[in-house]
Structures are given as structure tokens and as C-alpha cells.
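Residues per chain are reported as follows:
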Amino acid sequence: AGTTSSTGLGVFSPFSNGGLNLSEITVAQMLKPLGYATGALGKWHLGIKEPYLPASRGFDSYFGVPMTQNECTSNVESDKRFGPCPIMHNNTVAIQPADVQNIDAAYVSNIKDFMTSHRNDPFFFYYASHHTHMPQFAAPAFLNSTLRGLFGDSLAELDWSVGQILDHVVELGIQNRTLVIFSADNGPELSD
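Residues numbered from 1 in each chain as written. Predicted model: local features only at pLDDT ≥ 70, side-chain atom pairs only at ≥ 80, totals over all residues. Heavy atoms only, no water.

Asks: Pulling in residues and values, what's your account of the sheet that holds strand β3 (residues 87–89)?
Replies: Taken together, five strands build an open sheet; the order of strands is β4-β3-β2-β1-β5 and the sheet is mixed. The sheet is open, and its two borders are formed by β4 (92–95) and β5 (123–128), each paired with just one other strand. Here the strands of the sheet are splayed against their neighbours by 20 degrees on average, with no regard to which way each runs. When strand β2 (residues 61–64) meets β3, the two strands line up antiparallel, connected through two bridges. The residue bridging Gly 64 from the neighbouring strand is Met 88, located in β3. (Pairing = 2+ DSSP bridges. Helix = DSSP H or I, 4+ residues; strand = E, 2+ residues; numbered from the N terminus. Axes fitted to C-alpha atoms, helices over the stretch in contact; angles between N-to-C directions.)

Asks: Talk me through the side chain of Thr 26; I want residue IDs and the actual numbers.
Replies: Along the polypeptide, Thr 26 turns up in the segment before α1 (27–31). Accessibility expressed as a relative area gives 10% for Thr 26, which makes it buried. Within the structure, Thr 26 has its side chain in polar contact with the backbone oxygen of Arg 57 (distance 2.7 Å). For Thr 26, the contacting residues outside a window of four places in its chain are Leu 20 and Arg 57. (Buried < 20%, exposed > 50% of the residue type's maximum accessible area, 1.4 Å probe, protein only. Polar contact = N/O pair within 3.5 Å; in protein donor to acceptor, adjacent residues only side chain to side chain. Contact = heavy atoms within 4.5 Å.)

Asks: Lay out the packing of aromatic side chains with the relevant residues and their values.
Replies: In this description, an aromatic ring pair is defined by two values, namely the gap between the centres and the angle between the planes. Per the counting criterion, the structure on display carries ten aromatic pairs. Put simply, the rings of Trp 44, Phe 59, Tyr 62, Phe 124 and Tyr 126 touch in pairs and so form one group of aromatic residues. (Phe/Tyr/Trp six-rings, centres within 6.5 Å; stacked < 30°, edge-to-face > 60°.)

Asks: Which residues make up the environment of Val 27, and what values go with them?
Replies: Within the secondary structure, Val 27 is located in helix α1. Considering only alpha carbons, one finds Val 27 and Phe 125, 98 residues apart in sequence, at a separation of 9.9 Å.

Asks: Requested: an account of helix α2 (residues 103–117), with residues and values cited.
Replies: With 15 residues, α2 should reach 21 Å at 1.5 Å per residue; the first-to-last C-alpha distance of 21 Å fits that figure. Of the residues making up α2, those classed as buried are Ile 103, Asp 104, Tyr 107, Val 108, Ile 111, Phe 114 and Met 115. The buried side chains of α2 occupy one side of the element, clustering within an arc of 135 degrees when seen end-on. (Expected span 1.5 Å × (residues − 1). Arc of directions from axis to C-beta.)

Asks: Lay out unusual backbone geometry in plain terms, naming residues and giving numbers.
Replies: Residue Pro 97 follows Gln 96 across a cis peptide bond; omega there is 5 degrees. With phi around 55 degrees, Asn 90 is a residue other than glycine that occupies positive phi space. By the element assignment, Asn 90 lies in the loop between β3 and β4. A residue is classified by how much of its surface remains accessible, and Asn 90, at 23% relative accessible area, is partly exposed. Although it is not a glycine, Asn 144 sits at a positive phi angle of roughly 60 degrees. Mapped onto the elements, Asn 144 comes out in the loop between β5 and α3 (149–171).

Shape descriptors only; they carry no functional weight alone.
Next up, the structure:
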């Protein structure tokens with residue numbers, strides 16, 4: 001199904017009143033009745049009003065920024081037309097403004113805690129990293145760590161975070177019954 005927004009581009013901005021059509025069923029909504037614990041983490045670009053946020057769309061827990069980092073002001077380059085980036089916990093603003101540049105460590109900690117809590121149960125976890133959406137950014141530990149500039153540094157931090165998550169799956173001993181799907185919704189801007 002297509003999306004509609006105030007921009008007419010199929011992308012929900014902070015000015016959008018809507019979000020993912022409420023008649024659409026999320027994977028979390030399908031799996032919860034089957035006994036799965038469900039969690040979401042990171043960028044949620046499917047609406048910022050309560051009925052469209054992850055905790056209203058079948059996820060037991062959500063921690064993240066409900067938009068891309070170019071649609072709110074933070075410590076990375078952003079469009080000043082928008083307000084400060086919020087970090088949401090479920091449907092509540094937990095931190096504002098968000099420290100987007102250093103958010104990956106908090107995301108990795110959150111998903112590790114979720115997996116540890118549910119290691120004996122079926123679970124579905126959705127993690128949408130802010131990397132490599134523009135504007136590019138990386139935590140200080142990753143700045144100037146590659147030959148590809150800021151995009152490469154951003155990609156290196158994404159690689160680190162995914163590696164931490166996969167290592168934790170092995171540490172918990174659930175690797176033989178865990179399916180990991182890695183995908184991306186966009187690449188860098190051509191000018192990056």
C-alpha cells in the first residue's frame with residue numbers, strides 16, 4: 001500500500017498529521033498474538049503522532065527518534081525549520097534534545113537488554129539505524145576512522161553496532177534459532 005503525507009512525497013515529516021495507514025498490519029501486530037515479544041529501536045519514519053508510533057502499532061517497547069536526523073535539530077547537521085530531536089520511550093518523549101551523534105551505544109545497549117530478557121521466548125526486534133541517512137554523522141570514536149570520510153565513518157559505526165548485536169546473539173546461545181535480516185531503506189545522497 002502506498003503512503004501519503006503532507007509533503008505528497010510518501011514520506012512522513014514532523015509536520016504530517018498521519019502515518020502508516022492504520023489498516024496496515026505491522027509484522028509486530030501479526031506476531032504478538034503468536035506469543036512473540038516485540039521491540040523496535042531507532043528511526044521510525046511512519047508517523048509521529050501516537051496512533052502511528054511503534055508502541056501503538058504492536059511493539060511492546062520502542063526506543064528511538066521517530067524521524068530521520070535531518071528532520072529535527074540535534075548535534076548533527078539538520079534543518080533548522082524543525083524542533084529538537086526527541087528520543088521516545090514507547091509513546092513518551094524521554095530525552096529532548098537527543099544526542100544523535102552518540103545514540104548508537106544507547107541503541108546497542110537497549111537491544112542487548114531486550115534480547116537478554118527474551119532469550120527463552122520467541123521475539124521479533126526491529127532496528128532501524130539512522131546510518132547512512134543524510135546528514136552523515138559518527139560518534140567521536142569513529143570519526144576519521146576510515147578513508148571514505150564521514151560516510152565511511154558512519155558506515156563503520158553501523159558495522160560496529162550490527163557486530164555488537166550479532167555477537168550478543170551468540171553470547172546468549174540463540175544463534176541456531178535466530179533469523180537476522182539486514183536491509184537498508186536508502187543509501188547516501190549523491191553529494192555525500
